[in-house]
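Topology and contacts: notes
One letter stands for each residue in the lines below.
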Amino acid sequence: MVETWLEALGGILQPANILMLLLGVGIGTIIGILPGLGGITGMALILPFIYGMDPTQGIALMIGMVAVVHTADTFPAVLLGVPGSAGAQATVMDGYPLAKQGRATEALAAAFFSSMVGGIISALAIFFAIFLIGPLVLAIGSPELLMLTLLGLSMVGILSKGDPLKGLLAGCVGLALASIGGAPGAAEYRYTFDTVYLLDGVPLIALTLGIFALPELLQLLKSKGTISGKHGSDGSSRLAGIKAAWRNWRLVLQGSALGSGIGVVPGLGGSVTDWVAYGFADVTTKDNSFGRGDIRGVIAPESANNANSGAALIPTLLFAIPGNGTTAVLLGGFILLGINPGPNMVTSNLDITYYVLWALVFANIMGTLVCLSFSGPISSLTRIDASRLVPVLLVIIVVASYQASQSWGDILAFVALGIVAWLMKSCNWPLIPLLIGFVLATSTERYLAISMNVFGFEWLGRPGVLVILALILGTFIMSARSKIKVPV
Amino acid sequence: MTEKFSLRQSVKRFVPKREEKKPVTRMGIALDVTVLLGFLWFTWEALGFVPTARHFPLFVGIAGASIASATTLLDVLRFRRQPRRSLHEESGGLIGSGKHLIWFGCFLLAAFLFSLIPAAVAYLILYLRLSSHMRWWGIALVVGVVLAVLIAARFILGLDFPPGLFFTIF
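To start, this report covers the structure provided alongside it. (Residues numbered from 1 in each chain as written. Chains lettered and ligands numbered in written order. Predicted model: local features only at pLDDT ≥ 70, side-chain atom pairs only at ≥ 80, totals over all residues. Heavy atoms only, no water.)

**Focus: the interface of chain B and chain A**
The partner chain A presents 64 residues to the 67 residues of chain B that form the contact. Across the contact surface, chain B and chain A share seven residue pairs in polar contact (both at pLDDT 80 or more). Elements supplying a minimum of two residues to the side of chain B that touches chain A: α1 (7-12), α2 (26-46), α3 (51-81), α5 (92-114), α6 (116-131) and α7 (136-155) of chain B. Of all the elements, α3(B) adds the most residues to the side of chain B that touches chain A, at 13 residues. Considering only residue class, the side of chain B that touches chain A consists of 45 nonpolar, 14 polar and eight charged. (Contact = heavy atoms within 4.5 Å. Polar contact = N/O pair within 3.5 Å; in protein donor to acceptor, adjacent residues only side chain to side chain. Helix = DSSP H or I, 4+ residues; strand = E, 2+ residues; numbered from the N terminus. Nonpolar A, V, L, I, M, F, W, Y, C, P; charged D, E, K, R; others polar.)

Now the structure itself:
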């Protein structure tokens, strides 16, 4: 086993493979920076070139791209308050307020460093646990998946600071919006107003850009300043960010463990991990100012989302079950290279599995170095006058929203949701719970339907369900305690 | 020293404290009522779906309508208690953003009629000159960079742009 491990390390260190890895990292960085584009676009871009390529080079190219998308998507999340992808949603909560305080470089550096550590920890954990993960993943059924999505949904309560009632209501609005389109597990289309566009529901990209980008950009234009406001110059440094991540190593480990744990479960995306990591960090850290620009609010979700994207490769490799859209296309890439993912990946093809994991480790290091080197110049965006920057961003965001399904309906949905979010923001409604409700609704409904159909009410007594239920209740109690304690 | 956790205090979290909250506006109440009506309609519609597709929206609808009722009631009570402000004072922020929203609306209309690239060029030139009062060389630079990025996105990343009703470039 150690011999195979070292052979795989030697393989990835070949100059041609390193070059391909670097190319993949470059593509992934560009894709991640552009809001609205994710790993699927990146995979679709490189897939035509994979055919006929040497498998080791092909794997390096694909893994390089996949590994850094969630590192680079921190740029728009921190600098513009727009999540570059689903995995960067929670980063916005504290990343953007930090940018507004003139600490964009520090936030970015902390995020990239945590991301790198998360990715490496996840890869190393899989190295050692690969033989145990198989039975564990197979033991997880729909009831446990349902409870994990409920754990994500429970974060609505924790994250609705200031006005829990409006937070819950916004969460319900998100759940309602996600009910539009085809019902999971039933041949019924709901709330479509007889329009073809709504048959597939509201696209996540249109919703994310609508509720975050449009109100924020309009607010910026109105304020006639820069993103960093009166703070002007970005006085923060990369070193301060790296030091902050280093100081909060427990949080990085916690996020990485959560990301790796949830990542190996197929069917749960980065959104769940992101919010769970953020929520747990909120209740487990003392004297925090989460939501108002706390560096720990960036470190926790960033270490988790990268660990998640690495761990999500495991069900893809071991069971040929793609955990998300990106890994689905990646699966196609492996097949094009002549590799058939399945249980043989821990027997006859163990060398390939180790090679993939090494590629993941090196891609994370390279991605972090690339992103760190660009974080200073890109942070200068926060110092450009909004009246000059925002029109350009609006054009880019319209293009990004159109990519959801290449229909004018995407742009209409983006604008309509943006105007609603703008009104909600004007009336002091929290918008984050809306997004959480939206992203987790479909999984909740689907897993609830499957659990009820297969197990009846017996699923409520499953050990895994009870453990996660205890976790949810524990989170609520810790959250309530941490907010009620007031100095006397 | 800290106070001990109790159920009563947990419930207190949901009761708004006047000093922590921003003032309630008429638009805020109108939004509450709209959301409440929306959830009532949402619940009513859910009753017409087949049972397997009904449970989830029904639950969400009832929960949403209940919370929206409570929110509306609390906001109305708070509105009655707080000092009155004129409609102009309340809507100051919206009017400020409205002008920029109209600019953006014009850009989208132009994109719908003449496709994205010509609309983006016209929007950037007009906005940056008339609203941002930018110099011509600066405008040329910004438009050039945006065009280069869009063309690269079209031909390298293979992205599609919204077509125009009358003609489409790229």
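**What to know about the pattern of salt bridges**
Inspection of every chain in the model, using the stated rule, returns nine salt bridges over all chains. Of the charged contacts in the structure, one is a salt bridge between Lys100(A) and Glu216(A), with a shortest N-O distance of 3.6 Å. Residue Lys100(A) is located in helix α6 (residues 89-100), and its partner Glu216(A) is located in helix α11 (residues 204-223); the two are separated by 116 residues in the primary sequence. Of the residues examined, Lys100(A) reaches a relative accessible area of 36% and is grouped as partly exposed. Where Asp75(B) meets Lys166(A), a salt bridge forms, and the shortest distance between an N and an O atom there is 3.0 Å. Taken together, the residues span two chains, with Asp75(B) in helix α3 and Lys166(A) in helix α10 (residues 164-178). Its relative accessible area of 5% is what places Asp75(B) among the buried residues. For Lys166(A), a relative accessible area of 6% translates into the label buried. Look at the salt bridges and you will find they share partners, linking Lys100(A), Glu216(A) and Lys425(A) into a network. (Salt bridge = Lys/Arg side-chain N within 4 Å of Asp/Glu carboxyl O. Buried < 20%, exposed > 50% of the residue type's maximum accessible area, 1.4 Å probe, protein only.)

**A look at unusual backbone geometry**
The phi dihedral of Gln406(A) falls on the positive side, at around 50 degrees, and the residue is not glycine. Checked against the element boundaries, Gln406(A) lands in the loop between α19 (386-402) and α20 (408-426). Looking at Gln406(A), the relative accessible area reads 37%, which means it is partly exposed. Unlike most non-glycine residues, Ser115(B) shows phi in positive territory, near 75 degrees. Structurally, Ser115(B) is set in the loop between α5 and α6.

**Notes on the packing of aromatic side chains**
Under the criterion given, the structure shown has 17 aromatic pairs over all chains. Considering the side-chain rings of Trp408(A) and Phe112(B), the 5.4 Å spacing of their centres and the 80 degrees angle between planes classify their relative orientation as edge-to-face. Separated into two different chains, Trp408(A) in helix α20 and Phe112(B) in helix α5 make up a pair that spans both. By relative accessible area, which is 36% here, Phe112(B) ends up partly exposed. A network of ring pairs unites the aromatic residues Tyr191(A), Phe193(A), Phe39(B), Trp41(B), Phe42(B) and Phe49(B) as a single cluster. Over the ring of Phe455(A) we find Arg462(A), and its NZ or CZ is 4.8 Å from the ring centre. Here the basic side chain of Arg154(B) rests over the ring of Phe155(B), its NZ or CZ set 5.7 Å away from the ring centre. (Phe/Tyr/Trp six-rings, centres within 6.5 Å; stacked < 30°, edge-to-face > 60°. Lys NZ or Arg CZ within 6 Å of the ring centre and 35° of its normal.)

**Some remarks on a nonpolar patch on the surface**
Residues and elements named next belong to chain B. Among the surface-exposed residues, Leu109, Phe112, Phe114, Ile151, Phe155, Ile156, Leu165, Phe166, Phe167, Ile169 and Phe170 lie close enough to one another that they form a single nonpolar patch of about 1,100 Å² accessible area. Breaking the nonpolar patch down by element, the ones donating at least two residues are α5 and α7. The biggest single contributor to the nonpolar patch is α5, with three residues. For Phe155, the location among the structural elements is in helix α7. Judged by its relative accessible area of 53%, Phe155 falls in the exposed class. (Patch = residues over 30% accessible without salt bridge, like charges linked within 9 Å, V, L, I, M, F, W, Y side chains within 5 Å. Areas by Shrake-Rupley, 256 points an atom, 1.4 Å probe, with all protein chains shown as cover.)

**Digging into α19(A)**
With 17 residues, α19(A) should cover 24 Å at 1.5 Å per step; its first-to-last C-alpha distance of 23 Å lies within 8% of that length. Counting buried residues along α19(A), 15 of its 17 residues qualify, which places the element largely inside the surrounding structure. (Expected span 1.5 Å × (residues − 1).)

**Topic: the environment of Val202(A)**
Along the chain, Val202(A) falls in the loop between β2 (189-190) and α11. Judged by its relative accessible area of 14%, Val202(A) is buried.

**Considering the state of the cysteines**
Scanning the model with the defined rule gives zero disulfides over all chains in all. Distance from the sulfur of Cys427(A), which forms no disulfide, to the nearest cysteine sulfur (Cys172(A)) is 18 Å. (Disulfide = S-S within 2.5 Å.)

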